[in-house]
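Here is what each chain is made of, one letter per residue.
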Amino acid sequence: MEDVYTDEDHDARHLLATAFETVPADPATAGDGLLRAVHRRYARRRRTRAVVSASAAAAVAAGTTAAVLLSVTVAGASPALAAVTSALSRASAASFRMNLKITQHIVVPGDPVMRSPLYITGELDLKRNLGEETLSNGWQTRIVGGKAYTELPPAQAKFYGTGGKLWTEESLETTGPPYGSAAAQVAWDFNSDRPFNPQALLALLRSRAKVRDEGSVSGLGWTGTRYNFSFSHPGGTGRVVDSITCTVDVDTQGHIRSMVQTTAFAALGKPGARAGTIYTLDFTFSDFGVRFSVVPPPSSLVDNRTGLSVQF
């Protein structure tokens, strides 16, 4: 048993160091501390966990599956849980426009610091696995055909050694979190390749969630209800995630309109330690059912050796 904990400790420290890797303070590449290369060694580590996460990956690829599974779980659920799971299920099988604001709060000095907030805005169609996004750091992301293409400003392309090509390419299969659990996907899997993962939230909610109804809420052109749920020391995260808290607004049509997720990571990457860094992800959703198409960049402009994404 001692060997198991030693390995988990090492694994957790390694994944946190990788996840929180920041860009050097170079004028040409200065800016968002969230930026990092998705190194091939890290991609290989993720593939070794593919067996663990295969069911989650299959669910993401087949968004309509959620509706079938939902019919089984909602029947005996509380009204609050049923409303949230229904809204997430609809989002997993629909298209919409999304805005995301990411901020960081350092509780314990010593954790890597990013320049925040970072903004991501764009369109997503999770059923067809399509997306287009603009990032406030100057990057562009296109998601199509099971791949994510990221366009970099020239100075950053030079820094990352893309051979003069401004676009990078990576398979979505290699951009998942370091662990295969639903909790790990919720904690880590918010980035420019997978900015919103309702399937992971659905799995986590079905596991042991107590969803609270916090009353009426309204936005521009809609009214609805606000819900809240949280997980303390969620399993399957290498004991590096201290807590996950979500506030979700669902309109009277059953669409998710906003979600604020707060994820607290253990201080200094020490498994089981108290919260040291807190990330807040503020989502807003609109234009459900919007139709759009995504065209991958010309292959002559793409460096397929260096996959890049915003990750934390």
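Attention here is on the structure that accompanies the text. Given the structure is predicted, the values throughout are model-derived calculations rather than measurements.

1. Examining the pairing of strand β12 (residues 275–286)
Alright, step 1. For strand β2 (residues 95–106) and β12, the ladder comprises 10 bridges, and the chain directions are antiparallel. Bridging across to β12, N99 finds its partner in T284.
Alright, step 2. Bridge count between strand β11 (residues 256–266) and β12: nine bridges; the pairing is antiparallel. Paired with M259 across the bridge in β12 is F283.

2. Details of the pattern of salt bridges
A pair can form between side chains of opposite charge whenever their charged atoms are brought close.
Alright, step 1. The full count for this structure, using the stated rule, is six salt bridges.
Alright, step 2. Of the charged contacts in the structure, one is a salt bridge between R226 and D249, with a shortest N-O distance of 2.7 Å. Separated by 23 residues along the polypeptide, R226 in strand β9 (residues 222–232) and D249 in strand β10 (residues 241–251) bring together distant segments of the chain.
Alright, step 3. By relative accessible area, which is 32% here, R226 ends up partly exposed.
Alright, step 4. The class for D249 is buried, based on a relative accessible area of 3%.
Alright, step 5. Bridged by salt links that share partners, the residues R97, E123 and D287 form one connected network.

Analysis parameters
- Residues numbered from 1 in each chain as written.
- Predicted model: local features only at pLDDT ≥ 70, side-chain atom pairs only at ≥ 80, totals over all residues.
- Heavy atoms only, no water.
- Pairing = 2+ DSSP bridges.
- Helix = DSSP H or I, 4+ residues; strand = E, 2+ residues; numbered from the N terminus.
- Salt bridge = Lys/Arg side-chain N within 4 Å of Asp/Glu carboxyl O.
- Buried < 20%, exposed > 50% of the residue type's maximum accessible area, 1.4 Å probe, protein only.

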